[in-house]
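This is what each chain is made of:
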Amino acid sequence: MNIFVCVKHVPDTAARIDVKARCRIDENITFIMNPYDENALEEAVRLKKVTPEATVIAVTVGGAAAQETLRAALAMGADEAVLLETRSPLDSIQTAGALAEAIRRRGPADIVFTGKAAIDSEGFQTMFRLAAHLGLPAASNVVSFGLNQERAVVTCEMEAGDREVLEMPLPCVIGAAKSLNQPSYPTLPAILKARKKEIHTTVLEALDLPAAAGHVACLDMTPVVDARTPVELKGTFEEIAMEIIHLLRREAKVLP
Amino acid sequence: MKRIGIFIECKNGRLKDAVGGVVTAARCDGGELYALLLEDGGDDGRAALESWGVHTIVDIRGENGPLPYHPSRWAGALARTIRHFDLEALVGLSSLLGKNLLARVAAELDAPLVLDCTAIDAARHTAVKTLYSGKTRATLQTKGAVHLYGIRPNAVAPRSSPSRANRTAYSVALPDDPIRLREIQRSADSGVDLTEADTIIAGGRGMAGPEAFKLLEDCARPLGAAVGASRVAVDSGWVPHRMQVGQTGKTVTPKVYLAAGISGSVQHFAGMKTAGLVIAVNKDPKAAIIQKCDYFVVADLFDIIPALTEQLNKISSKAQAMR
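Residues numbered from 1 in each chain as written. Chains lettered and ligands numbered in written order. Predicted model: local features only at pLDDT ≥ 70, side-chain atom pairs only at ≥ 80, totals over all residues.

Core analysis: the biggest nonpolar cluster contains 129 residues, and V5(A), A73(A), I174(A), I6(B) and V91(B) have the highest contact counts within it. In terms of residues, this core owes the most to one element, helix α4 (residues 96-109) of chain B, which gives nine residues. Residues in contact with A73(A), not counting those within four places in the same chain, are V5(A), V7(A), M33(A), L41(A), A58(A), A78(A) and A81(A). Listed in part, the 58 residues of the second largest apolar core include L233(A), I244(A), A220(B) and I289(B). (Core = buried A, V, L, I, M, F, W, Y, C linked by C-beta atoms within 7 Å. Buried ≥ 20, exposed ≤ 12 C-beta atoms within 10 Å, placed from the backbone. Helix = DSSP H or I, 4+ residues; strand = E, 2+ residues; numbered from the N terminus. Contact = placed C-beta atoms within 7 Å.)

Listed below in C-alpha cells is the structure:
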C-alpha cells in the first residue's frame, strides 16, 4: 500500500514576516513543516503500523530548503521523500498539478493525506485540486479517520461543532485537521537515521507540465500594521462593566 | 454585462447574517447579480436579496425536488449552475461550508479561487486578503474563464441597493458520487460558528481551568456572543480545538473581541487582528495584548466578567419587561 503525504515548508508561526521585494518575503527566518501536515503525516504513519507492506511517501514542491521539511517527515516515520524543486512561487493550481505529477510518477497512490490548509498562503484548496487531478474523492477538516474494507470512513468538522461522517472508496484524499491526532515527535535515533536517507529530487521545470488555464498572481503585498491606541478603563468592577456595555452599544453597535 | 453568481448560505431556513456583506462585495459596475440558493431562504430572504441589489434569484434543485446537503453533490450543482447561466464569477462566504464548497467547485472547473477575502473587485478580478496569518496583506489577481472568491464573514458591511429580482428554478442532473454522507452529528451548542460571530468572548491561560469557561458562556448568552479560546486553553484540554482562535485555529473578524486572561501571542493575534473593537481584561499590565487592543482593564477576569454578566442580564430583563 502506497500512502502519500503532501507536506509544505512554511515560515514558523512565531517568525516575523518582512516584505522584501514585491510579493516576496524575507526568507531568512525559521521554517517548519506546515502544522496540519504534521497531523497528516502522523495519521499516515499510524495507518502504516496496522497495514502490512505499507510505504509512506512524503512529497513536497518548493525550494531546496524544503528538504528540511522532508527530513523532518522522514524522522517522523516517512519511508521515502520526494522533492519537486522550483524557485518560482506557485499558486495552488500549479502546486496541485505538480503534486499530482509527482504522485503519478512514484505511484500508484492508495491514499493521500495532507493538511487541510497551509498556514502561509491560507488557500484551503490545494488538496481538492490535487484530488480533481487524480480523479479521487476528497474530504477536508478531518478529525477522525478509519478504514473499513477498502473504504475510508472519516468524520469532518462542520460549523459550530457539527460533524459529518463521510464514507468513500480508496484511493482518496484526506485533509487533516488539528484534532485528528497528536503528532509524536521524532526520537534522536530517528532524526539521525533520516539524515542518511535519500531525497528524490526532480527539478519541476524539467517535467514540462502543461500550463494551467487559471492562475492567481500577486500584485502587491504590504505588512499589516496594528493601528490601535489602547485606552485604559478604570473604576469599580461595576463601573468598568457599564463602560464596556457603553462601548458595545455606541462604538460596536452590537447591543441596542 | 458581467454575470456574477453569489452562493447564498442559509441556516435553519433563513439567510445567514453575513450574506448581505457577500452580496455587497460582489457588486460591481456592469455586474448582473445571480443569487444561487441550494436551500430555501424564505420570503424574508428573497426580500433581503432584493434590498442588496440581486437581479436574479436561482433556486437550484435536483431532478426530484430539493437537493439535500452533500458536500460534493452541492459543489457539483454549483459548478453546473455556473456553466448553465454562463457566470463569469462565483462569490460566496468564506465560512467552513463556503470554503469547502468553493474549493470543490474551483477544483472541478480548474478555476482560480481566493478565500478569506476582505475586499474584491469582481470587474477587475482582484481580491485583497491577508497572508502569513494576518502578518501581511496582499492584492491578488485571478486569471481564467471563471473567478471564485470567498468573502471573510463580517469583513464587508452590507449596504442596500434595492432592485427587483426575477426568480427562476434550475434543475441539475448529477452523476453518482463516490462519497456517501453517512450522517450529520449535530452539536449540543447550536450557536453561531466562531468565524461568523458578531461578538466573541475568548479565554486564555488566565481562565486557569475548564470551569471558568462557564463564566464566559454566562456572559456570552445575553450578548448572543460566541465563546473562543487561546491555544493554551485548548492544549491544556479545557475546551475543544474548534474553539481555538489563532494561527492553527480559526481566523475571526467579529465586531467585538473581548479577550479574558489572554496574553496575546503573535499566533493568537494572527487569528483576530482584523476584529473591530478589541477589549482586553488581564491582570498583567505587561501582557502583549494590552499594547495592541482598543480598550483594556487591568484586573482579574474573575471580578470583571461576572460584573459584566450581571449588568447585561439586568439590561436584557429590563428589555423583556418593556416588551
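Alright, that's what it looks like, and here's the rest.
Residues and elements named next belong to chain B. The domain boundaries assigned to chain B delineate domain 1 (2-171) and domain 2 (194-322). If you average the C-alpha positions of domain 1 and of domain 2, the two centres end up 31 Å apart. With 14 residues of domain 1 at the contact, the number on the domain 2 side is twelve residues. The residue inventory of the side of domain 1 that touches domain 2, partitioned by class, reads four nonpolar, five polar and five charged. (Domains from an automatic or database assignment. Nonpolar A, V, L, I, M, F, W, Y, C, P; charged D, E, K, R; others polar.)

So, about the pairing of strand β12 (residues 166-171) of chain B. All names here are of chain B. A small share of β12 lies buried, amounting to zero of its six residues. Bridging between strand β5 (residues 56-61) and β12 involves six bridges; their strand directions are parallel. Bridging from a neighbouring strand, I57 pairs with R167 of β12. (Pairing = 2+ DSSP bridges.)

Let's shift gears to the interface of chain A and chain B. Contacts between chain A and chain B engage 69 residues on the former and 80 residues on the latter. Within the residue set of the side of chain A that touches chain B, elements represented by two or more residues are α4 (126-134), β7 (138-147), β9 (163-169), β12 (215-223), β13 (231-232) and α6 (237-250) of chain A. Partitioned by chemical class, the residues of the side of chain A that touches chain B number 42 nonpolar, eleven polar and 16 charged. The pairing of β13(A) with strand β18 (residues 295-298) of chain B spans two bridges and is parallel. Bridging from a neighbouring strand, E232(A) pairs with F296(B) of β18(B).

This brings us to the sheet that holds β12(A). With respect to topology, four strands assemble into an open sheet ordered β12(A)-β10(B)-β9(B)-β8(B), the strand pairing being antiparallel. Looking at strand neighbours, the two that pair on one side only are β12 of chain A together with β8 (119-121) of chain B, the edges of this open sheet. The sheet shows a mean angle of 25° between the axes of neighbouring strands, taken without regard to direction. Across three bridges, β8(B) lies against strand β9 (residues 126-131) of chain B in antiparallel orientation. Counterpart to I120(B) in the pairing with β9(B) is A127(B). (Axes fitted to C-alpha atoms, helices over the stretch in contact; angles between N-to-C directions.)

A word on helix α1 (residues 19-26) of chain B. With respect to burial, α1(B) is a largely interior element, six of its eight residues being buried. The set of residues buried in α1(B) consists of V19(B), G21(B), V22(B), V23(B), A25(B) and A26(B).

Here we take up the sheet that holds β13(A). Taken in spatial order, the six strands of this open sheet run β13(A)-β18(B)-β17(B)-β16(B)-β14(B)-β15(B), and their pairing is parallel. The open sheet has two free edges, formed respectively by β13 of chain A together with β15 (226-229) of chain B, since each of these has just one partner strand. Sheet strands touched by α6(A): β16 (256-260), β17 (277-282) and β18 of chain B. Its angle to β17(B), the strand with the most contacts, is close to 165°.

Where the model shows low pLDDT, its predicted coordinates should not be examined in detail. Summarising the model, chain B shows a mean pLDDT of 94, and 99% of its residues fall at 70 or more. Two numbers describe this predicted complex: its pTM, 0.92, and its ipTM, 0.94. (pLDDT = per-residue confidence, 0-100.)

The next subject is helix α3 (residues 92-106) of chain A. Residues and elements named next belong to chain A. Between its first and last C-alpha atoms α3 spans 21 Å; for 15 residues at 1.5 Å apiece the expected length is 21 Å, and the two agree. Burial within α3 is extensive, with eleven of its 15 residues counted as buried. Of the positions making up α3, those classed as buried are S92, I93, Q94, T95, A96, G97, A98, L99, A100, A102 and I103. Buried positions along α3 lie against β1 (2-6), β4 (55-62), β5 (80-85), β6 (111-115), α4 and β12. (Expected span 1.5 Å × (residues − 1).)

All names here are of chain B. Axis separation between helix α5 (residues 213-223) and helix α9 (residues 301-322) bottoms out at 9 Å; the angle between their running directions is 25°. The pairing of α5 with α9 is recorded here as roughly parallel in orientation. When you trace α5 past α9, the crossing you get is left-handed. Of α9, the residues touching α5 (which contributes L215, L216, D218, C219, P222 and L223) are I305, P306, L308, T309, L312, N313 and S316. Looking at the contact of α5 with α9 residue by residue, the classes come out as nine nonpolar, three polar and one charged. (Parallel < 35°, antiparallel > 145°, perpendicular 65-115°, else oblique. Left-handed = near helix turned anticlockwise from the far one by under 90°.)

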